[in-house]
Amino acid sequence: MRHRPLGRSGLSTAPLVFGGNVFGWTADEATSHRLLDAFVDGGFNAVDTADVYSAWVPGHEGGESEGVIGRWLKASGKRDKVLILTKVAMWPKQLGLSAANIEAAVEGSLKRLQTDYIDLYQSHQDDADTPIDETLEAFDRLVKAGKVRAIGASNFSPERLKANLDTSRAKGLARYETIQPKFNLFDRDQVEGALADLTKAEELGIIPFYGLAAGFLTGKYRTEADFEGKARASTIRREYWNDKGRAVLAALDEAAATVGASQAQVALAWIMAHPAITAPLASATSVAQLEDLMGAARLELPGDVWKRLDEAGR
């Protein structure tokens, strides 16, 4: 499986990154460990999490996902086979990108992950209240100390990302090598345009989240009855259950029938083949579901099929 570079960091990833927000939430610990084993044994190598996962769940504090991953790393002995991507700045207990917060947060993440280093440490969101150079100097110290191999960003506007890159260049500091925006067949405005132009010029990697649009692009939401009892039903109704969403779903159905694959595989394969994208994030809560998603990395969409999907999502 051909790996793709994460910016100029020297790190590379398989075409699919496992989104670890489900660990310890919709996937219990035993299931999460089986998923991680299946993912790595299937030839994939990058797992994304954050210190805030899953603080939104009643009874959770945050750090649960990192803890699950850390116990798997210790039990499996597979640390050298996987890139660990985590994030700082969005957890209410450790909010923002001040130097003091980054320095405290990284120690908590390292402890929960039971590792000496984080492969890609990401700013989970922008922090306009902290000077850019303060944030980047803190990250630079972590890189020089060997606690972090590279840094990335998430949820930054193109303008703020460029300002950070300019500061890194001017001051000789570690720079953001990747960016995580929302991107899928339906949600395209965060990537196509200014961000794609910037990342191409600066040789940054794009690791988009929401690749399956909260599950809508799996094709399992067709009628009102399909929403009953589903955790993401309100999100899908609000964002995707409209004329454009149904047009995208129809195009997915046609493409899936043409290439003999599932709708989820086609939706992810379309992202993987997009010229701006490095590797999409996707989550699974069962090994069978994960096997389906991993099949996307081995699916090549004919040019005319990719183009019809591209047009349906505009």
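Everything below is about the structure shown above.
Because the structure is a prediction, the values reported are computed rather than measured.

A. Quick look at helix H1 (residues 29-41). The end-to-end C-alpha distance of H1, which contains 13 residues, comes to 18 Å, matching closely the 18 Å that a straight helix rising 1.5 Å per residue would cover. Its buried side turned inward, H1 meets strand S3 (17-19), strand S4 (46-48), helix H2 (64-76) and helix H10 (287-294). Gly 43, located one to two residues past H1, shows a positive phi value of around 100 degrees.

B. Broad picture of the sheet that holds strand S12 (residues 281-282). As summarised here, the arrangement of the eight strands in space is S11-S10-S9-S8-S5-S4-S3-S12, forming an open sheet in which the pairing is parallel. Sheet topology places strand S11 (205-206) and S12 at the edges, where each strand pairs with a single neighbour. Examined bridge by bridge, strand S8 (residues 118-123) and strand S9 (residues 148-154) share five bridges and lie parallel to one another. Within S9, the residue paired with Ser 123 across the bridge is Ala 153.

C. Focus on the environment of Leu 309. Following the sequence through the fold, Leu 309 ends up in helix H11 (residues 303-312). Those residues in contact with Leu 309 that sit more than four places away from it in its chain are Leu 185, Arg 188, Ala 251, Leu 252, Ala 255, Val 266, Trp 270 and Leu 301.

D. Fine view of the side chain of Arg 175. The residue Arg 175 is located in the loop between helix H5 (158-171) and strand S10 (176-180) in this model. A distance of 3.3 Å separates the side chain of Arg 175 from the backbone oxygen of Glu 203, its partner in a polar contact. Apart from residues no more than four positions distant in its own chain, Arg 175 is found in contact with Arg 8, Ile 151, Leu 165, Ser 168, Glu 202, Glu 203 and Leu 204.

E. Representation of empty space enclosed by the protein in the model. Per the counting criterion, the structure on display carries two cavities of 30 Å³ or more. Of the pockets and cavities examined, the largest cavity occupies roughly 50 Å³. Lining the largest cavity we find Leu 97, Asp 126, Asp 127, Thr 130, Pro 131, Ile 132, Thr 135, Phe 156, Arg 160, Asn 164 and Tyr 176. The set of elements that each furnish at least two residues to the lining of the largest cavity consists of helix H4 (132-144) and H5. Looking at side-chain class alone, the lining of the largest cavity contains five nonpolar, three polar and three charged residues.

F. Main features of the pairing of strand S5 (residues 83-88). Most of S5 sits inside the fold, with six of its six residues counted as buried. Along S5, one buried face is formed by Leu 83, Leu 85 and Lys 87 and the opposite face, lined by Ile 84, Thr 86 and Val 88, is buried too. Viewed along the sheet, the connection from S4 through H2 into S5 turns out right-handed. When S5 meets S8, the two strands line up parallel, connected through four bridges. Bridge pairing in S8 places Val 88 opposite Ser 123.

G. Local environment of the packing of aromatic side chains. For the structure shown, the criterion picks out 14 aromatic pairs. Ring centres of Phe 18 and Phe 39 lie 5.3 Å apart, and the angle between their planes is 90 degrees; on these two criteria the pair is classed as edge-to-face. On the criterion of sequence distance, the pair formed by Phe 18 in strand S3 and Phe 39 in helix H1 is long-range, its members being 21 residues apart. In this pair, the class of Phe 18 matches that of Phe 39, namely buried. Judged by centre distance (5.7 Å) and plane angle (25 degrees), the ring pair of Phe 183 and Trp 270 falls under stacked. Here Phe 183, found in the loop between S10 and helix H6 (194-202), pairs with Trp 270, found in helix H9 (residues 263-272); they are 87 residues apart in sequence, far enough to count as distant. Of the two residues examined, Phe 183 and Trp 270, each falls in the buried class. Here the aromatic residues Phe 18, Phe 23, Phe 39 and Phe 44 are joined through ring pairs into a cluster of three or more.

H. Here's a closer look at unusual backbone geometry. Of note, the bond from Tyr 53 into Ser 54 is cis; its omega dihedral lies within 30 degrees of zero at 5 degrees. Positionally, Ser 54 belongs in the loop between S4 and H2. You will see that Tyr 210, though not glycine, has its phi angle at about 65 degrees, which is positive. We classify Tyr 210 as partly exposed; its relative accessible area is 29%.

I. Quick peek at the pattern of salt bridges. Summed over all chains, the structure comprises 28 salt bridges. Residue Glu 254 is joined to Arg 308 by a salt bridge in which the shortest nitrogen-to-oxygen separation is 3.5 Å. With Glu 254 in helix H8 (residues 243-259) and Arg 308 in helix H11, this pair connects stretches of sequence that are 54 residues apart. Using a relative accessible area of 35% as the deciding quantity, one classes Arg 308 as partly exposed. Taken together, the salt bridges that share partners define one network made up of Lys 162, Asp 166, Arg 169, Arg 175, Glu 177 and Glu 202.

J. Highlighting the packing of helix H3 (residues 99-113) against H4. Relative orientation of the contacting elements H3 and H4 amounts to 30 degrees, with a least axis distance of 8 Å. Compared by their axis directions, H3 and H4 come out roughly parallel. Considering only the axes of H3 and H4, their crossing is right-handed. Across the interface between the two elements, Ala 99, Ile 102, Glu 103 and Val 106 of H3 pack against Glu 134, Thr 135, Ala 138, Phe 139, Arg 141 and Leu 142 of H4.

Calculation criteria
Residues numbered from 1 in each chain as written. Predicted model: local features only at pLDDT ≥ 70, side-chain atom pairs only at ≥ 80, totals over all residues. Heavy atoms only, no water. Helix = DSSP H or I, 4+ residues; strand = E, 2+ residues; numbered from the N terminus. Expected span 1.5 Å × (residues − 1). Contact = heavy atoms within 4.5 Å. Pairing = 2+ DSSP bridges. Polar contact = N/O pair within 3.5 Å; in protein donor to acceptor, adjacent residues only side chain to side chain. 1 Å grid on protein atoms, 1.4 Å probe; cavity = no way out; pocket = protein on both sides within 12 Å on 5 of 7 lines; lining within 4 Å. Points joined across faces, edges and corners; volume = space filled by probe spheres on them. Nonpolar A, V, L, I, M, F, W, Y, C, P; charged D, E, K, R; others polar. Buried < 20%, exposed > 50% of the residue type's maximum accessible area, 1.4 Å probe, protein only. Right-handed = clockwise from strand over helix to strand, strands pointing away. Phe/Tyr/Trp six-rings, centres within 6.5 Å; stacked < 30°, edge-to-face > 60°. Salt bridge = Lys/Arg side-chain N within 4 Å of Asp/Glu carboxyl O. Axes fitted to C-alpha atoms, helices over the stretch in contact; angles between N-to-C directions. Parallel < 35°, antiparallel > 145°, perpendicular 65-115°, else oblique. Left-handed = near helix turned anticlockwise from the far one by under 90°.

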